[in-house]
Amino acid sequence: MTEALRDTWRTPLWAVRLLEARLGVPFDLDVAADAENAKAPRYYTRHDDALSLPWTCTAGFGNPPFSRLGEFVDRAIRAHEAHEAEVGFGLVTLADISTRYWATLERHGAERIRIAGRWSCESPDATVASSSARMPMALWVLQHPLTVERAKMLYGGPHVRR
């Protein structure tokens, strides 16, 4: 499989919805997409050079090219620490605890969502059977602490005493 094909696998919709549910808002920026697989209304393609652009958003998503995972994780950490995302970021990576990006995510307090069993992204090319593409994957959330103001905005409603 070519690097270009390996770098364009699509995130299953259930994984995107799980990350959005964890963040409490839908994604409004996908930092590693194309017109066919974008998971947010605004997205950066490989031609945009997402690593050098601002990641300003409410909630950002990224299933980075596997060939550049470390660079995208580093950029996500910088964006998170600079509060470029109001709520946070959801990321998809390979599940490989021996990598630098894994250690970086853990060191910076990213939450790994544990999913029992092995799952995979979806092939962008019908010539590759999804059953032959079972690389272990991981979902991560970089989220700012929930403030009272943000909770009221997200969940609203009158205060009820019991």
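Preceding block: the structure.
In this text, all values refer to a predicted model and were calculated from it rather than measured experimentally.

Participant: I'd love a proper account of the overall build of the protein chain, names of residues and values included.
Facilitator: Across its full length, the protein chain holds five helices and six strands. The buried share of the protein chain, taken over its 162 residues, is 46%. Across the protein chain, the fraction of contacts at a sequence separation of at least 24, relative to all contacts at a separation of at least 6, is 71%.

Participant: Give me the lowdown on the sheet that holds strand E1 (residues 29-30), citing residues and values where you can.
Facilitator: Strands sit in the order E2-E1-E3-E4-E6-E5 across an open sheet of six strands; the sheet is mixed. On the outer flanks of this sheet lie strand E2 (42-43) and strand E5 (111-113), each paired with one strand and no other. In this sheet, strand E6 (residues 137-143) lies alongside strand E4 (residues 85-94) in antiparallel orientation, the contact comprising seven bridges. Within E6, the position partnered with phenylalanine 89 by the bridge is leucine 142. Helix H2 (residues 13-23) contacts strand E3 (57-62), E4, E5 and E6 of the sheet and is inclined by roughly 25° relative to E6.

Participant: Residues and numbers for the packing of helix H3 (residues 69-81) against helix H4 (residues 100-107), please.
Facilitator: In the contact formed by H3 and H4, the axes pass within 9 Å of each other and the chain directions differ by 15°. Here H3 is positioned roughly parallel relative to H4, judged by the angle of their axes. The way H3 lies across H4 gives a crossing that is left-handed. Each of Leu69, Gly70, Val73, Asp74 and Ile77 in H3 lies in contact with H4, whose residues at this interface are Arg100, Tyr101, Thr104 and Leu105. Classifying every residue of the contact of H3 with H4 by side-chain character gives five nonpolar, two polar and two charged.

Participant: Can you break down the packing of aromatic side chains residue by residue, with the values?
Facilitator: Applying the stated criterion across every chain, the model contains four aromatic pairs. When the centroid spacing of 5.1 Å and the interplanar angle of 50° are considered together, the rings of phenylalanine 27 and phenylalanine 61 count as tilted. Here phenylalanine 61 lies in strand E3 and phenylalanine 27 lies in the loop between H2 and E1, a separation of 34 residues in the sequence. Of the two residues, phenylalanine 27 and phenylalanine 61, neither departs from the other in class, the shared state being buried. Arranged with centres 4.8 Å apart and planes meeting at 80°, the rings of tryptophan 102 and tryptophan 140 form a pair that is edge-to-face. One end of the pair, tryptophan 102, is in helix H4; the other, tryptophan 140, is in strand E6, with 38 residues separating them in the sequence. When its relative accessible area of 5% is taken as the criterion, tryptophan 102 is described as buried. These aromatic residues form a ring-pair network of at least three members: Trp55, Phe72 and Phe89.

Participant: Talk me through the pairing of E4; I want residue IDs and the actual numbers.
Facilitator: Taking burial as the measure, the ten residues of E4 include nine buried ones, the bulk of the element. Where E3 lies against E4, five bridges are found, and the strand directions are parallel. Bridge assignment links cysteine 57 to a residue of E4, and that residue is alanine 85. The parallel pair E3 and E4 is bridged by H3, and the resulting crossover is right-handed.

Participant: I'd like to hear about the nonpolar core, residue by residue, with values.
Facilitator: If you look at the biggest cluster of nonpolar residues, it comprises 42 residues, and the most contacted ones within it are Phe27, Trp55, Leu105 and Leu142. The set of elements that each furnish at least two residues to this core consists of H2, E3, H3, E4, H4 and E6. Look past the residues within four positions of leucine 105 in its chain and what remains in contact with it is Val73, Ile77, Leu91, Thr93, Ala110, Trp140 and Leu142.

Criteria and thresholds
Residues numbered from 1 in each chain as written. Predicted model: local features only at pLDDT ≥ 70, side-chain atom pairs only at ≥ 80, totals over all residues. Heavy atoms only, no water. Helix = DSSP H or I, 4+ residues; strand = E, 2+ residues; numbered from the N terminus. Buried < 20%, exposed > 50% of the residue type's maximum accessible area, 1.4 Å probe, protein only. Contact = heavy atoms within 4.5 Å. Pairing = 2+ DSSP bridges. Axes fitted to C-alpha atoms, helices over the stretch in contact; angles between N-to-C directions. Parallel < 35°, antiparallel > 145°, perpendicular 65-115°, else oblique. Left-handed = near helix turned anticlockwise from the far one by under 90°. Nonpolar A, V, L, I, M, F, W, Y, C, P; charged D, E, K, R; others polar. Phe/Tyr/Trp six-rings, centres within 6.5 Å; stacked < 30°, edge-to-face > 60°. Right-handed = clockwise from strand over helix to strand, strands pointing away. Core = buried A, V, L, I, M, F, W, Y, C linked by side-chain atoms within 4.5 Å.

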